[in-house]
Amino acid sequence: MAMIAYRSLIRATRKSFAGDTVMLKESAKEIRKRFEESRHVTSPTEIQRLLDEAREASHFISTMIVQAKLNERGGYEVKPTQEHAGATLDIPSEEILRKSAQGGKD
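Residues numbered from 1 in each chain as written. Predicted model: local features only at pLDDT ≥ 70, side-chain atom pairs only at ≥ 80, totals over all residues. Heavy atoms only, no water.

**Student:** What should I look at first to understand the overall build of the protein chain in this one?
**Tutor:** Of regular secondary structure, the protein chain possesses four helices and two strands. When the elements of the protein chain are put in sequence order from the N terminus, they spell out α-α-α-β-β-α. Excluding contacts between residues fewer than 6 apart, the proportion of contacts in the protein chain whose partners are at least 24 apart in sequence is 44%. Per element, the accessible surface of the protein chain, about 8,100 Å² overall, is 56% carbon and sulfur. (Helix = DSSP H or I, 4+ residues; strand = E, 2+ residues; numbered from the N terminus. Contact = heavy atoms within 4.5 Å. Areas by Shrake-Rupley, 256 points an atom, 1.4 Å probe, with all protein chains shown as cover.)

**Student:** Quick question: what am I supposed to make of the packing of aromatic side chains here?
**Tutor:** The relation between two aromatic rings is expressed through the spacing of the ring centres and the mutual angle of the planes. Taken as a whole and judged by the stated rule, the model has one aromatic pair. With a centroid separation of 5.3 Å and an interplanar angle of 85°, the aromatic rings of Tyr 6 and Phe 35 are classed as edge-to-face. Of the two residues, Tyr 6 is situated in helix α1 (residues 2-16) and Phe 35 in helix α2 (residues 21-37); the sequence distance between them amounts to 29 residues. The class for Phe 35 is partly exposed, based on a relative accessible area of 25%. (Phe/Tyr/Trp six-rings, centres within 6.5 Å; stacked < 30°, edge-to-face > 60°. Buried < 20%, exposed > 50% of the residue type's maximum accessible area, 1.4 Å probe, protein only.)

**Student:** How do you make sense of the nonpolar core when you look at a structure like this?
**Tutor:** One recurring pattern in soluble globular proteins is that nonpolar side chains are buried together. Of all hydrophobic cores here, the largest spans nine residues; its members are Ala 5, Tyr 6, Leu 9, Ile 10, Ala 12, Ile 31, Leu 51, Ala 54 and Ile 61. At the level of secondary structure, the elements contributing two or more residues to this core comprise α1 and α3 (44-64). What Tyr 6 contacts, discounting residues up to four positions off in sequence, is Ile 31, Arg 32 and Phe 35. (Core = buried A, V, L, I, M, F, W, Y, C linked by side-chain atoms within 4.5 Å.)

**Student:** Explain the layout of surface pockets here, please?
**Tutor:** Using a probe with the size of a water molecule, rolled over the atoms, empty space left in the structure can be pinpointed. If you add up the space inside the largest pocket, you get close to 710 Å³. Together, 23 residues line the largest pocket, and Ile 31, Arg 34, Phe 35, Ser 38 and Ala 54 are the ones closest to its centre. Contributions of two or more residues to the lining of the largest pocket are made by α1, α2 and α3. Of the residues forming the lining of the largest pocket, the biggest block, eight residues, is contributed by α2. Each residue belonging to the lining of the largest pocket can be placed in one class, and the counts come to 13 nonpolar, three polar and seven charged. (1 Å grid on protein atoms, 1.4 Å probe; cavity = no way out; pocket = protein on both sides within 12 Å on 5 of 7 lines; lining within 4 Å. Points joined across faces, edges and corners; volume = space filled by probe spheres on them. Nonpolar A, V, L, I, M, F, W, Y, C, P; charged D, E, K, R; others polar.)

**Student:** Sorry, what's going on with the environment of Asn 71 here?
**Tutor:** Structurally, Asn 71 is set in the loop between β1 (68-70) and β2 (76-78). Excluding residues that lie within four positions of it along the chain, Asn 71 makes contacts with Tyr 76 and Glu 77. There is a polar contact of 2.9 Å between the side chain of Asn 71 and the backbone nitrogen of Arg 73. (Polar contact = N/O pair within 3.5 Å; in protein donor to acceptor, adjacent residues only side chain to side chain.)

Right, dumping it as structure tokens:
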């Protein structure tokens with residue numbers, strides 16, 4: 001079950017962060033770290049809680065994260081997909097997106 005949860009999270013991040021090498025690398029590193037920290041958990045209740053958290057995280061990443069892409073006009077576009085239907089998306093301002101693209105530099 002843990003491998004299924006792990007793969008599901010990796011697939012969700014690959015889809016949500018497609019084309020963003022930094023986010024792909026960092027999210028994979030964080031997922032791996034979290035699973036390694038829980039490697040020695042033996043309590044069935046705790047294992048189930050961790051698997052539920054992984055399932056929720058995968059769902060969140062798939063449905064609540066949409067990457068803005070720089071368009072040819074110099075602005076950012078967000079294109080939600082069917083997975084995002086019904087979700088409330090908080091779209092960051094152009095200023096926040098520019099800072100993010102610059103690595104947080106002004």
